[in-house]
Amino acid sequence: MAPVRIAWRRLNVQKDAVDLYYHFVGASQVGVYLDSCGKGRYDIVAWNPLISRSLNHGGGWSPFAALDDLVAMVPLLDQLPDDAPPFLSGVIGYFSYEAAWDEEWIGEPKDRKDSLPDVSLMIPGKVIVLDQLKKESWMVVSTLKEDPEPEVERLVEKVKALQAAEPIHMGNVIEPMVAKTDRETYHKQLEQIHAYISRGDIYQANLSYEVEGKVQGDSFSLYRLLRETNAGRYAAYMKFPGYTILSSSPEQFIRQEKNLIETRPIKGTRPRGKTQEKDRDYKEELATSEKDQAELVMIVDLERNDLGRVCEIGSVNVPELFAINPHPTVWHQSARITGRLTEGVSIGEVLRMTFPGGSITGAPKIRSMQVIHELEGERRGIYTGSIGYVDPRGFSEWNIAIRTMVWVGEEIGRLSYRVGGGIVADSDPGLEYEETLAKGKGMLQAIDKWTTTPATRR
């Protein structure tokens, strides 16, 4: 295979990322928008895959080795200024939750409802990175044979001439969104987890269920509303042939900056209040909850252990614990765990040793995943997997794909999402179920704003 050739330009003009996606990706079969929803510095629009890999567990390939193989194909950009964005060229993609099945025995894989691959990775041929702090745009073109310079010049001119995007197109709910697990069944599953905890099998397990309906319309218009109703720092819109991922995740899984690594698990949730006073009450309730603090400490210990497998001895620390963070529909409690990577450890190896995140599995991780597999009726798919990027200069960032919808189909599609929460010994069944409803609220609000028909049965 011919080596990848790269050209880039820096432009002191900034356009809206939504406009860029509509104009350059539009109806294309494959396009990605990594969206900070105004909560971070950079937004990325990528399309025109140069090289791509789609993998399923059991296919004989390690998905994490495949990531390293793709990263190795991308040359290091030289003569870049020190303030260049952390991603300009490299690999973008996702790992579904079931990608972990290649590393550990969790149980017999459940049947596939759709033909979505467990892992999809690509080296994009065209990338636009928006620096929201400096109000700049970076254009990158990668090729295999032809000179990328003329094409990057054409891309610059197109960006300069870009006008406003299309308006949001309203959609239609053909079949309302319905939870596949009712409250009674969820309570029974929670009791089974309590039995496992009592026996000493686990300390905590993250139990989830699927909500599903049928819709018609433009999935990107729905995403535009999702980023309003449930803006997440690690959001993403990913379009592939036959399916689309709409993520409004607030949770960072792994962030790499050269030899420094960090993870930010979320554990502990309260709804937002309808009044300022009630909102403050919920925040204070979460901040003083011994149960939620205990849940977070369990996961912090797990994540410290995971990072310890790839970091220098003595370098793993917890600089932030019990932080309370506001989100559109909920309050979350989180922590930050950092470490210094052992020399020679690749990002693929980091993900192999830490995936999936402990905040959405439980403790101990493997046994809790086995319990989850026994109780949940379907494959999780992208839910609680990861979406992100790798730049061969030593930068990488991946989310945990929660608050994430999947649209299977084209104009008419099956729309689904999952919600869940961590179950411990003193979890109250009624409160845990209410927490799942709060987590799904932002997604249902987006669907309701997008359609003239109700998102759920009323």
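For the structure, see preceding data.
Since the structure is predicted, the reported quantities are computational estimates derived from the model, not experimental observations.

The subject of this paragraph is the overall build of the protein chain. When helices and strands are tallied, the protein chain shows ten helices and 20 strands. In terms of C-alpha radius of gyration, the protein chain reaches 21 Å, essentially the compact-globule figure of 23 Å for 458 residues. Scored against the burial criterion, the 458 residues of the protein chain give a buried share of 57%. A separation of at least 24 residues holds for 78% of the contacts in the protein chain among residues at least 6 apart in sequence. If you sum the accessible surface of the protein chain, you get close to 18,600 Å²; carbon and sulfur atoms cover 48% of it. Separation of charge centres in the protein chain, based on 55 positive and 66 negative side chains, amounts to 3 Å.

Looking now at the environment of Tyr203. In this structure, Tyr203 sits in the loop between α4 (183–199) and β8 (204–216). What makes Tyr203 exposed here is its relative accessible area of 55%. Residues Tyr203 and Leu260, 57 residues apart in the sequence, show an inter-C-alpha distance of 30 Å. Each residue touching Tyr203, except ones within four places of it in the same chain, is listed here: Ile197, Met298, Ala363, Pro364, Ile423 and Val424.

Along the chain, Lys267 falls in strand β13 (residues 266–271). The side chain of Lys267 is buried and forms no salt bridge, while Glu295, the nearest opposite charge, is found at 4.5 Å. Engagement of the side chain of Lys267 in a polar contact is seen with the side chain of Gln204, the distance being 3.5 Å. A polar contact is formed between the side chain of Lys267 and the backbone oxygen of Ser359, at a distance of 2.7 Å. The residues touching Lys267, leaving out its near neighbours within four places in the chain, are Gln204, Asn206, Asp292, Glu295, Leu296, Ile299, Gln333, Ser359 and Gly422.

This structure, assessed with the given rule, holds 24 aromatic pairs. Centre to centre, the rings of Tyr21 and Phe220 are 4.6 Å apart; their planes meet at 25°, and the pair counts as stacked. On the criterion of sequence distance, the pair formed by Tyr21 in helix α1 (residues 17–24) and Phe220 in helix α5 (residues 219–229) is long-range, its members being 199 residues apart. Each member of the pair, Tyr21 as well as Phe220, is classed as buried. Relative to Tyr237, the ring of Tyr21 has its centre 5.3 Å away and its plane inclined at 90°; by these criteria the two rings are edge-to-face. One end of the pair, Tyr21, is in helix α1; the other, Tyr237, is in strand β9 (residues 234–240), and 216 residues separate them in sequence. No difference in accessibility class separates Tyr21 from Tyr237, as the two residues are buried. Joined through ring pairs, the aromatic side chains of Tyr21, Tyr22, Tyr33, Phe220, Tyr223 and Tyr237 make up one cluster. Between Lys278 and the ring centre of Tyr282, over which it is positioned, the NZ or CZ distance is 4.9 Å.

Now for a nonpolar patch on the surface. Where nonpolar side chains cluster on the molecular surface, the patch consists of Val297, Val318 and Leu321 and spans about 190 Å² of accessible area. Mapped onto the secondary structure, Val297 falls in helix α7 (residues 290–308).

Turning our eyes to something else, we now look at α7. A rise of 1.5 Å per residue sets the reference length of α7, with its 19 residues, at 27 Å; its end C-alpha atoms lie 27 Å apart and thus fit the reference within 8%. Along α7, the residues that are buried comprise Asp292, Glu295, Leu296, Ile299, Val300, Leu302, Glu303, Asp306 and Leu307. Taken down its axis, α7 places every buried residue within 165° of arc, on the same side. When the buried face of α7 is taken as reference, the exposed residues oriented beyond 90 degrees from it are Glu290 and Asn305.

Here the bond from Phe355 into Pro356 is cis, since omega is -10°, no more than 30 degrees from zero. For the bond running from Ala363 to Pro364, omega is -10°, close enough to zero to count as cis. Along the polypeptide, Pro364 turns up in the loop between β16 (362–363) and α9 (365–375). In this model, Asn48 sits at a positive phi of 55°, which is unusual for a non-glycine residue. Residue Asn48 is classed as partly exposed on the basis of its relative accessible area of 39%. Here the phi dihedral of Thr384 falls at roughly 65°; this positive angle occurs in a residue that is not glycine. Structurally, Thr384 can be placed in the loop between α9 and β17 (386–391).

Helical geometry: 3.6 residues make up each α-helical turn, so side chains three or four residues apart lie on a common side. The set of residues buried in helix α2 (residues 63–72) consists of Pro63, Phe64, Ala66, Leu67, Leu70 and Val71. Taken around the axis of α2, the buried residues stretch over an arc of 155°, which confines them to a single face. Buried-residue contacts for α2 involve β3 (42–55), β4 (91–95), β5 (119–131), α8 (347–354), β17 and β18 (395–399).

We now examine the nonpolar core. Residues Leu67, Phe95, Leu351, Ile387 and Trp398 are the most contacted members of the largest nonpolar core, which totals 73 residues. With six residues, β5 is the largest single contributor of residues to this core. Once residues within four sequence positions are removed from consideration, Leu351 is found in contact with Phe64, Leu67, Phe95, Phe253, Ile254 and Trp398. In terms of nonpolar packing, the next biggest core, distinct from the first, is built from 58 residues, Ala7, Val156, Trp407 and Ala446 among them.

Before going further, it helps to examine the packing of α5 against helix α10 (residues 429–450). Two elements in contact, α5 and α10, have axes separated by 8 Å at closest approach and are oriented at 130°. One finds that α5 runs oblique with respect to α10. The interaxial crossing formed by α5 with α10 has right-handed handedness. Contacts between α5 and α10 involve Ser221, Leu222, Leu225, Leu226, Glu228 and Thr229 from the first element and Gly442, Met443, Gln445, Ala446, Ile447, Lys449 and Trp450 from the second.

Cut-offs used in this document
- Residues numbered from 1 in each chain as written.
- Predicted model: local features only at pLDDT ≥ 70, side-chain atom pairs only at ≥ 80, totals over all residues.
- Heavy atoms only, no water.
- Helix = DSSP H or I, 4+ residues; strand = E, 2+ residues; numbered from the N terminus.
- Rg over C-alpha atoms; globule rule 2.2 N^0.38 Å.
- Buried < 20%, exposed > 50% of the residue type's maximum accessible area, 1.4 Å probe, protein only.
- Contact = heavy atoms within 4.5 Å.
- Areas by Shrake-Rupley, 256 points an atom, 1.4 Å probe, with all protein chains shown as cover.
- Lys, Arg positive; Asp, Glu negative; His and termini not counted.
- Charge placed at Lys NZ, Arg CZ, Asp CG, Glu CD.
- Salt bridge = Lys/Arg side-chain N within 4 Å of Asp/Glu carboxyl O.
- Polar contact = N/O pair within 3.5 Å; in protein donor to acceptor, adjacent residues only side chain to side chain.
- Phe/Tyr/Trp six-rings, centres within 6.5 Å; stacked < 30°, edge-to-face > 60°.
- Lys NZ or Arg CZ within 6 Å of the ring centre and 35° of its normal.
- Patch = residues over 30% accessible without salt bridge, like charges linked within 9 Å, V, L, I, M, F, W, Y side chains within 5 Å.
- Expected span 1.5 Å × (residues − 1).
- Arc of directions from axis to C-beta.
- Core = buried A, V, L, I, M, F, W, Y, C linked by side-chain atoms within 4.5 Å.
- Axes fitted to C-alpha atoms, helices over the stretch in contact; angles between N-to-C directions.
- Parallel < 35°, antiparallel > 145°, perpendicular 65-115°, else oblique.
- Left-handed = near helix turned anticlockwise from the far one by under 90°.

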